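# Structural overview for review
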Amino acid sequence: MKRFMEDETGMGVVEVILIIVVLIGLVIIFQTQIEKIVNNIFKTITSKTGKVK
């Protein structure tokens, strides 16, 4: 049990929370660029579906 409590391998909760915070920050910073890319992708998909027979 002592060895299990001292084991520091793997990801901890703090690391996961930090990664999530960084990802959310990046999404907020690049929100308009992400929206443009997603809109262009959906426009391309929509225009190409009419050509599929």
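Worth saying up front: this structure is predicted, and the values here are computed from it rather than measured.

## Description of the overall build of the protein
Across its full length, the protein holds three helices and zero strands. Mapped in sequence order, the helices and strands of the protein form the string α-α-α. In terms of C-alpha radius of gyration, the protein reaches 21 Å, well past the compact-globule figure of 10 Å for 53 residues. Considering only C-alpha atoms, the protein reaches an extent of 65 × 30 × 10 Å along its principal axes. Counting every position in the protein, which comprises 53 residues, the buried fraction comes to 0%. Taken as a whole, the protein presents about 5,500 Å² of accessible surface, with 70% of it coming from carbon and sulfur. In the protein, 7 positive and 5 negative side-chain charges are present, and the distance between their average locations comes to 27 Å.

## Examining the environment of V14
The topology assignment puts V14 in helix α2 (residues 13–29). Each C-alpha atom of the pair V14 and N40 lies 36 Å from the other, and the pair is 26 residues apart in sequence.

## So, the packing of α2 against helix α3 (residues 31–49)
Running from N to C, α2 and α3 cross one another at 75°; their axes reach a closest spacing of 4 Å. Our classification of the angle between α2 and α3 gives roughly perpendicular. Along its contact with α2, which presents V27, I28 and I29, the element α3 presents Q31, Q33 and I34. When grouped by side-chain class, the residues that make up the contact of α2 with α3 number four nonpolar, two polar and no charged.

## Quick notes on the environment of N40
Within the secondary structure layout, N40 lies in helix α3. For the pair N40 and F30, spaced ten residues apart in sequence, the C-alpha to C-alpha distance is 16 Å.

Basis of the calculations
- Residues numbered from 1 in each chain as written.
- Predicted model: local features only at pLDDT ≥ 70, side-chain atom pairs only at ≥ 80, totals over all residues.
- Heavy atoms only, no water.
- Helix = DSSP H or I, 4+ residues; strand = E, 2+ residues; numbered from the N terminus.
- Rg over C-alpha atoms; globule rule 2.2 N^0.38 Å.
- Buried < 20%, exposed > 50% of the residue type's maximum accessible area, 1.4 Å probe, protein only.
- Areas by Shrake-Rupley, 256 points an atom, 1.4 Å probe, with all protein chains shown as cover.
- Lys, Arg positive; Asp, Glu negative; His and termini not counted.
- Charge placed at Lys NZ, Arg CZ, Asp CG, Glu CD.
- Axes fitted to C-alpha atoms, helices over the stretch in contact; angles between N-to-C directions.
- Parallel < 35°, antiparallel > 145°, perpendicular 65-115°, else oblique.
- Contact = heavy atoms within 4.5 Å.
- Nonpolar A, V, L, I, M, F, W, Y, C, P; charged D, E, K, R; others polar.

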